[in-house]
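Analysis of the macromolecular model
Read off the chains here:
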Amino acid sequence: MQNYTCIAVDDSDVQLVILKNYVKKISRLELKATFNNPVDAFEYLGKNEVDILLLDIDMPEISGLDLLKMLPKKPQTILITSKMEFALEAFELDAIDYIIKPPEYPRFLKAVTKAISFLESKNSAMGLNEPTEDEIYVKINSKLVRLEVNLIDYFEAMSDYVIIHTEDKRQYIVYSTLKQFEEKMQAYQKFRRIHRSYLINISKIKSIEDGQILINEKTLPIGNTYKEEFLKNLNKM
């Protein structure tokens, strides 16, 4: 299991001690350095990479938000501040979480867990931590979601998007093409194109009648272009 690094930036020595003690309780997180001002932190981050940045906002010289704007490569940032007024701007700068001082440990742990989960999903998408053979990752907005292949009923093309329908009747909307998913799902063998708008999991078929397929109470048409090839492959399987 991978561990992650962090630094803490706050002009309060008391706050830095609190954060240091909190980090010690999290086995997967290592505190590399602490800083009383963003200038020193900026210089450090210019030479060193860390996974998570624990950052105060209201500080002398430059603010924590100014520091974030200056960083060409931003760690996953947890903002810890006494003011709610900066929340909107913080999330526009892609902060992973926003904690109001004084931070309680359960709330801090929740924020760190959220940051680590995002990092692990990101690593998986980059091939650093591959999903199992029965799972895929899909990007929904800015979030990576892990889906079990066996739970997918079918994929539906919708303009520039694909809707993934699952057996629990959830829907995941992904910016992609159905052709891309058709290629991606070839490795799983049980996914077949039946229509220009549908790619289905054939193990989910309840019945086939009059050129239509019933999957999880949803009736899908078989396109004339795909009908012969689909039925031939279905008989083989």
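Residues numbered from 1 in each chain as written. Predicted model: local features only at pLDDT ≥ 70, side-chain atom pairs only at ≥ 80, totals over all residues. Heavy atoms only, no water.

1. Describing the nonpolar core
Threshold: What makes a nonpolar core is a set of buried Ala, Val, Leu, Ile, Met, Phe, Trp, Tyr and Cys residues whose side-chain atoms join them at distances within 4.5 Å. Three exposure classes are used, based on accessible area relative to the maximum for each residue type with a 1.4 Å probe and protein chains only: buried under 20%, partly exposed in between, and exposed over 50%. Secondary structure follows DSSP: runs of H or I at least 4 residues long count as helices, runs of E at least 2 residues long count as strands, and numbering of each begins at the N terminus. Contacts are residue-level and defined by heavy atoms, with any inter-residue pair within 4.5 Å sufficient.
Judged by nonpolar contacts, the single largest core of 22 residues is most densely connected at L29, I52, L54, I78, I80, F108 and V112. Within the residue set of this core, elements represented by two or more residues are β1 (4–9), α1 (13–24), β3 (52–55), β4 (76–81) and α5 (105–125). Tallying contributions element by element places α5 first for this core, with 7 residues. Aside from chain neighbours lying at most four places away, what touches I80 is Q15, L19, L54, L55, D56, I57, I99, K101, P103 and F108. Counting 20 residues, the second-largest nonpolar core is a separate cluster that includes L53, I57, M59 and L93.

2. A word on the sheet that holds β4
Stated precisely, the cut-off is as follows: Being paired, for any two strands, means DSSP has found at least two bridges between them. To get an axis, fit a line to the C-alpha atoms, keeping to the stretch in contact for a helix; angles then go from 0 to 180 degrees between the N-to-C directions.
Read across the sheet, 5 strands follow the order β2-β1-β3-β4-β5 without closing on themselves; strand pairing throughout is parallel. Every interior strand has two partners, whereas the edge strands, β2 (29–35) and β5 (97–100), have only one. On average, each strand axis in the sheet is inclined to that of its neighbour by 20°, with strand direction left out of account. With 4 bridges joining them, β3 and β4 adopt parallel strand pairing. Along β4, the bridge assignment pairs I52 with Q76. Each of β1, β2, β3 and β4 is contacted by α1, which is oriented at about 165° to β2, the strand it contacts most.

3. Observations concerning the sheet that holds strand β15 (residues 218–221)
Strand pairing in a sheet takes place through backbone hydrogen bonds and is either antiparallel or parallel in direction. In spatial order, the strands read β13-β14-β15; together these 3 strands make up an open sheet with antiparallel pairing. Unpaired on one side and paired on the other, β13 (205–209) and β15 mark the two borders of the sheet. In this sheet, neighbouring strand axes are inclined to one another by 25° on average, regardless of whether the strands run parallel or antiparallel. In terms of strand pairing, β13 meets strand β14 (residues 212–215) through 4 bridges, oriented antiparallel. Residue I208 lies in a different strand from β14, and its bridge partner there is I213.

4. A closer look at the packing of aromatic side chains
This is how the line gets drawn: Any pair of Phe, Tyr and Trp rings, taking the six-membered ring for Trp, is counted once the centres come within 6.5 Å. Such a pair is stacked with planes under 30 degrees apart, edge-to-face with planes over 60 apart, and tilted for the rest. By definition, being over a ring means that NZ of Lys or CZ of Arg is both within 6 Å of the ring centre and within 35 degrees of the ring normal.
On inspection of all chains with the given rule, the structure shows 7 aromatic pairs. Pairing F35 with Y44 gives two aromatic rings, centres 5.3 Å apart and planes at 55°, and the pair type is tilted. Among the residues examined, F35 registers a relative accessible area of 13% and is labelled buried. One aromatic cluster is present, built from ring pairs that chain together Y22, Y105 and F108. Positioned above the aromatic ring of Y105, the side-chain terminus of K25 is 4.7 Å from the ring centre.

5. Topic: the pattern of salt bridges
Put simply, the rule reads: By convention in these notes, a salt bridge is any Lys or Arg side-chain nitrogen within 4 Å of a carboxyl oxygen on Asp or Glu.
Applying the stated criterion across every chain, the model contains 10 salt bridges. Note that R146 and E135 form a salt bridge whose closest N and O atoms lie 2.7 Å from each other. On the criterion of sequence distance, the pair formed by R146 in strand β7 (residues 143–148) and E135 in strand β6 (residues 135–140) is long-range, its members being 11 residues apart. Note on R146: relative accessible area 43%, which makes it partly exposed. Since its relative accessible area comes to 16%, E135 is described here as buried. One salt bridge in this structure joins E182 and R193, with 2.8 Å as the shortest N-O distance. Placement of the pair is E182 in helix α6 (residues 178–184) and R193 in strand β11 (residues 191–195), with a sequence separation of 11 residues. Shared partners join several salt bridges into a network, and the residues in it are D10, D56 and K101.

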